[in-house]
Amino acid sequence: NASQGDNQEEVDRAQQMLETAQAALKEAEARSRDANAAEAELKTALAELHAQENEFNNKTNELTRKSSEGGVVQQNRAKAELAQHLASDPLPLRRAKLNTEAATRKAERARQAADDALEVARKAFEDAEKYLHEVQNRSGSAKGALWWIDRELHEARKYMPQKKGGLTK
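Note that this is a predicted model, so its numbers are computed, not measured.

Chemist: An account of the nonpolar core is requested, with residue identities and associated values reported.
Modeler: Core analysis: the largest hydrophobic core is formed by 23 residues, its most contacted members being F125, L132, I149 and L153. In terms of residues, this core owes the most to one element, helix α3 (residues 91-137), which gives nine residues. Not counting residues up to four positions away in its chain, the partners in contact with F125 are A21, L25, L153, A156, R157 and M160. Counting residues in each nonpolar core, the second largest holds eight residues, with A35, A38, A103 and A107 among its members.

So, in structure tokens, the structure goes:
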């Protein structure tokens, strides 16, 4: 694919910058998918935590209610069960809390990695566009090849978030 003009090296460099920017965008998309998966895992962990807390609290409330109703023997038995319940080690509840904390940390790290990758992609696109416009403004440039590279950059920007420099589709 020979271009016209005497600036083949510049066109090749622009093409290389385009490929670098596109690779950075793919990496950012992968990191974003990972972050979304981590956030879904966090939501699942939070739901499990709430379920375990509700189960523990409901049993506590039930035993508290039983300790104030019925005969003396039933009340004392309910009080003993309540004391035993409160003194017991709620392993599922502790496990749910630990899983939620771990999922929170994982989601934060994944979101930070996604944001960093997106920033790298945005910078790569800016650099590629800046260089492309410099080359286009010089005389003797291969306008067709440069137009095509510019078009590919424009198309790839559509897949970036708008708040990070993307375009509307």
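Resuming the write-up.
Chemist: Which residues make up the packing of helix α1 (residues 8-66) against α3, and what values do they have?
Modeler: One way to put it is that α1 packs onto α3 with a least axis distance of 7 Å and a crossing angle of 165°. On the basis of the axis angle, α1 is roughly antiparallel to α3. Crossing of α1 against α3: the hand is left-handed. Looking at the contact of α1 with α3 residue by residue, the class counts come to 32 nonpolar, six polar and 13 charged.

Chemist: Give a description of the packing of α3 against helix α4 (residues 143-157) that names residues and reports values.
Modeler: Viewed as axis vectors pointing N to C, α3 and α4 meet at an angle of 155°, and their least axial separation amounts to 11 Å. By the angle between their directions, the pair α3 and α4 is classed as roughly antiparallel. Taken as a pair, α3 and α4 cross one another with a handedness that is left-handed. Note on element contacts: α4 touches α3 through K143, L146, W147, I149, D150, L153, A156 and R157, opposite R122, F125, E126, A128, E129, L132, H133, V135 and Q136.

Chemist: So what about the environment of D12? Which residues, and what values?
Modeler: Structurally, D12 is set in helix α1. Spatially, the C-alpha atom of D12 lies 9.8 Å from that of L146, the residues being 134 residues apart in sequence.

Chemist: Tell me about the side chain of Q52, and please be specific about residues and values.
Modeler: With respect to the helices, strands and loops of the structure, Q52 is situated in helix α1. For Q52, a relative accessible area of 14% puts it in the buried group. Apart from residues no more than four positions distant in its own chain, Q52 is found in contact with P92, L93 and A96.

Here is what the cut-offs are and how they apply
Residues numbered from 1 in each chain as written. Predicted model: local features only at pLDDT ≥ 70, side-chain atom pairs only at ≥ 80, totals over all residues. Heavy atoms only, no water. Core = buried A, V, L, I, M, F, W, Y, C linked by side-chain atoms within 4.5 Å. Buried < 20%, exposed > 50% of the residue type's maximum accessible area, 1.4 Å probe, protein only. Helix = DSSP H or I, 4+ residues; strand = E, 2+ residues; numbered from the N terminus. Contact = heavy atoms within 4.5 Å. Axes fitted to C-alpha atoms, helices over the stretch in contact; angles between N-to-C directions. Parallel < 35°, antiparallel > 145°, perpendicular 65-115°, else oblique. Left-handed = near helix turned anticlockwise from the far one by under 90°. Nonpolar A, V, L, I, M, F, W, Y, C, P; charged D, E, K, R; others polar.

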